[in-house]
Amino acid sequence: EAEVAQSPRYKITEKSQAVAFWCDPISGHATLYWYRQILGQGPELLVQFQDESVVDDSQLPKDRFSAERLKGVDSTLKIQPAELGDSAMYLCASRSRNTIYFGEGSWLTVV
Amino acid sequence: GQQVMQIPQYQHVQEGEDFTTYCNSSTTLSNIQWYKQRPGGHPVFLIQLVKSGEVKKQKRLTFQFGEAKKNSSLHITATQTTDVGTYFCAGRGGWETSYDKVIFGPGTSLSVIP
């Protein structure tokens, strides 16, 4: 069964450093999401792509976060500089019709 | 802003008891989805409800969508230890934008005592 691939699974970084997460959605899925999930809370949408275009990045802290999906397939989410409050799980998801499929997530700890 | 709320935040039940979580949206939804996240895992899609007043069942799970399409519930009959996890509702609607957006509720964490 096809899955959403994410890497790395775990990342520990010092504050003020840069960190990047990669996502490869299920083949053929045009819609790709990046969510942030803080422990004990629901996923919070950071950015939504339709093919290579950003359709929603209203909740993305653009002073430090950036996301791209240059060829409309895989995507990268970058944080620079990382802050302590960025510690969370970063979930990538893709959508087919009305079903959202999540990757296993990338756990970020900022120290 | 747009909000999706869930209650309760936590629920502890004895194995065999029933469980219900409720989801409410600040605005009318085009559909609502339910996800389950096991501890340490990622959200997994359970079901989608689209029609006003819709009721769907999956074995011991019953999902309802309110008549006004602003609320939903998930009911589990005779809980089992395998039901442990956090249940999220996710509302999808126009949210006053030109595209649809999926907003997750904060989740209800279910613990089942054997």
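For the structure, check the block above.
The sections below set out a description of the structure shown in this document.

Calculation criteria
- Residues numbered from 1 in each chain as written.
- Chains lettered and ligands numbered in written order.
- Predicted model: local features only at pLDDT ≥ 70, side-chain atom pairs only at ≥ 80, totals over all residues.
- Heavy atoms only, no water.
- Phe/Tyr/Trp six-rings, centres within 6.5 Å; stacked < 30°, edge-to-face > 60°.
- Helix = DSSP H or I, 4+ residues; strand = E, 2+ residues; numbered from the N terminus.
- Buried < 20%, exposed > 50% of the residue type's maximum accessible area, 1.4 Å probe, protein only.
- Contact = heavy atoms within 4.5 Å.
- Buried area = accessible area lost by both parts, 1.4 Å probe.
- Salt bridge = Lys/Arg side-chain N within 4 Å of Asp/Glu carboxyl O.
- Polar contact = N/O pair within 3.5 Å; in protein donor to acceptor, adjacent residues only side chain to side chain.

### Describing the packing of aromatic side chains
Then, in step 1: According to the stated counting rule, one finds twelve aromatic pairs over all chains in the structure shown.
Then, in step 2: Geometrically, the ring pair formed by Phe102(A) and Tyr35(B) is edge-to-face, given 5.8 Å between the ring centres and 85° between the ring planes. You can see Phe102(A) sitting in strand S10 (residues 99-102) and its partner Tyr35(B) sitting in strand S4 (residues 31-37), one on each of two chains. One exposure class covers both Phe102(A) and Tyr35(B), and it is buried.
Then, in step 3: Consider the rings of Tyr35(B) and Phe104(B), whose centres lie 5.2 Å apart with planes at 45°: the pair is tilted.

### As for the side chain of Thr79(B)
Then, in step 1: Structurally, Thr79(B) can be placed in the loop between strand S8 (71-76) and strand S9 (85-93).
Then, in step 2: Setting aside chain neighbours within four positions, we find Thr79(B) in contact with Val13(B), Gln14(B), Glu15(B), Gly16(B), Glu17(B), Asp18(B), Phe19(B), Arg60(B) and Val112(B).

### Some thoughts on the interface of chain B and chain A
Then, in step 1: Every contact between the two is made by 18 residues of chain B and, on the other side, 22 residues of chain A.
Then, in step 2: Both faces considered, chain B and chain A share a buried interface measuring about 1,600 Å² in area, 50% of it formed by carbon and sulfur atoms.
Then, in step 3: At the boundary of chain B with chain A, the tally comes to zero salt bridges.
Then, in step 4: Applying the counting criterion to the chain B and chain A interface returns two residue pairs in polar contact (both at pLDDT 80 or more).
Then, in step 5: Every element with two or more residues in the side of chain B that touches chain A is listed here: S4, strand S5 (44-49), S9 and strand S10 (101-104) of chain B.
Then, in step 6: Per element, the largest residue contribution to the side of chain B that touches chain A is four residues, and it comes from S4(B).

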